[in-house]
Amino acid sequence: MSGTETAPTRVAIVTGASRGIGKAIALRLAREGRHVVLVARSAAPLNDLKSQIEASGGKASALAVDIGDGKAWAAAIEQVADEHKRLDILVNNAGITRDNLVLRMSDEEWADVINVNLTSAFVGIRAAARPMMRGKFGRIVNIASTSGLVGNAGQANYAAAKSALLGLSKTIARELGGKGITCNVVAPGYIETDMTANLPQEIKDKLLGMLAVKRLGIADDIAAAVSYVTSDEAAYLTGQTICVDGGMTMC
Ligand code: NAI
């Protein structure tokens, strides 16, 4: 790069950006100068977030797509890469739960959770790999969960999907590491968002007792880890799982 050229604006796709952890990640990456493509199912909250980011001098665009629909999701990624002529960062954050004890879990509860939490990450990575390879740079982050590392009663589907993200990420790290592309997992513990809002107080109290850091997590705790993992300087960190869980699992 010559002395007069400025560094290119990195383009980042963040799924599940309409609220919770994804929103915190999007705000953080935008504050750090990324152009953030906000993905979720419905447009309205994404447009609000886009306006919020632009009002504070950041860059963002909103893209309403159901990532559970593989064709639509892959096409959306291709559209972003075509429009911007680059794609640098993919944060597979969107996720759902359909909790049930295994004896009662339906095929549909199993399949929906595997599709949205795991298959969408594979589809997203496959579509993002080519533009990242063209740019000789890529940062892929899959948001898993400590449930995927230590299991959680009532979450056979969710824990299986989150655990599989670790194997997926390590394999992608090995396949694409020579192309300047890293792939890592950030595994949150208990984070206060809409997903966890309905947990009974006694469960929250029990969780608190298991934490080394004596508070529940907030979405910004996860955004801070994603910020580092997606930074240019994190070039030598790949195939890793970073548990951001207040010291709950220490694994
Ligand atoms: P949330 O329920 O507050 O938000 C989920 C986001 O994903 C929303 O923006 C929603 O629109 C989007 N989404 C869901 N299905 C989608 C689909 N088919 N297509 C497009 N977008 C879709 O969840 P939260 O708490 O912010 O969690 C974010 C990620 O962190 C998830 O992967 C979750 O499994 C994981 N996680 C959360 C923990 C927590 O304590 N909140 C703990 C461990 C992991």
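The numbers attached to residues start from 1 for each chain and follow its sequence in the written order. Per-residue local features are limited, in this predicted model, to residues with pLDDT of at least 70; the limit for side-chain atom pairs, both in listing and counting, is 80 or more; totals at the level of whole chains, interfaces and linings are taken over all residues. As a rule here, side-chain values come from all non-hydrogen atoms in the structure, and water together with hydrogens is ignored.

1. Let's talk about the state of the cysteines
The criterion for a disulfide is a pair of cysteine sulfur atoms lying within 2.5 Å. In the structure shown here, the tally under the stated rule is zero disulfides. Cysteine Cys243 is unpaired, with the sulfur of Cys251 as its nearest cysteine sulfur at 4.6 Å. In this structure Cys243 comes out as partly exposed when scored by relative accessible area, which is 21%. Residue classification places Cys251 among the exposed residues on the basis of a relative accessible area of 55%. Think of it in three bands: residues with accessible area under 20% of the maximum for their type are buried, residues over 50% are exposed, and the middle band is partly exposed, with areas taken using a 1.4 Å probe on protein chains only.

2. Some thoughts on the packing of helix 3 (residues 70-84) against helix 4 (residues 107-135)
As a packed pair, helix 3 and helix 4 sit with axes 9 Å apart at the nearest point and diverge in direction by 25°. As summarised for this structure, helix 3 and helix 4 are arranged roughly parallel, according to the angle between their axes. In the packing of helix 3 onto helix 4, the handedness of the crossing is right-handed. Here Gly70, Trp73, Ala74, Ile77 and Ala81 of helix 3 lie close against helix 4, whose contacting residues are Ser120, Val123, Gly124, Ala127, Ala128 and Pro131. Looking at the contact of helix 3 with helix 4 residue by residue, the class counts come to eight nonpolar, three polar and no charged. Note on geometry: axes are lines fitted to C-alpha atoms, helical ones only across the stretch in contact, with angles between N-to-C directions running from 0 to 180 degrees. Think of it this way: any DSSP run of H or I at least four residues long counts as a helix, any run of E at least two long counts as a strand, and we number them from the N terminus. Any angle that is under 35 degrees is reported as roughly parallel, and any over 145 degrees as roughly antiparallel; angles of 65 to 115 degrees are reported as roughly perpendicular and all others as oblique. Should the near helix be turned anticlockwise from the far one by less than a right angle, the crossing is termed left-handed; should it be turned clockwise, right-handed. Note on contacts: a residue pair is in contact if any heavy atoms of the two residues lie within 4.5 Å. In the scheme used here, Gly and all other residues not listed as nonpolar or charged are polar, with Ala, Val, Leu, Ile, Met, Phe, Trp, Tyr, Cys and Pro taken as nonpolar and Asp, Glu, Lys and Arg as charged.

3. Some words on empty space enclosed by the protein
Think of a 1 Å grid over just the protein atoms. A cavity is a set of points where a 1.4 Å probe fits yet cannot get out, a pocket is an open set with protein on both sides within 12 Å along at least five of seven lines, and lining residues have an atom within 4 Å of a point. Grid points are joined across faces, edges and corners, and a volume is the space filled by probe spheres set on the points. Scanning the model with the defined rule gives one cavity of 30 Å³ or more in all. Of the voids in this model, the largest cavity is the one considered here, and its volume is about 40 Å³. Taken together, Asn92, Asn93, Ala94, Val116, Asn117, Ser120, Ala121, Ile143, Lys162 and Leu165 form the lining of the largest cavity. When contributions to the lining of the largest cavity are tallied by element, the ones reaching two or more residues are helix 4 and helix 6 (156-176). The element that contributes the greatest number of residues to the lining of the largest cavity is helix 4, accounting for four residues.

4. Structural notes on the sheet that holds strand 1 (residues 11-15)
Here, a strand pair is defined by DSSP locating no fewer than two bridges between the strands. The strand order 3-2-1-4-5-6-7 describes an open sheet built from seven strands, whose pairing is parallel. With one partner strand each, in any of the chains shown, strand 3 (59-64) and strand 7 (241-244) form the two edges of the open sheet. Going from strand to strand, the sheet's axes swing by 20° on average, the running direction of each strand aside. Examined bridge by bridge, strand 1 and strand 4 (residues 89-92) share three bridges and lie parallel to one another. Each residue of the ladder has a partner; that of Ile13, found in strand 4, is Leu90. Of the strands in this sheet, strand 2 (35-40) and strand 3 touch helix 2 (residues 43-55), which is tilted by about 175° from strand 3.

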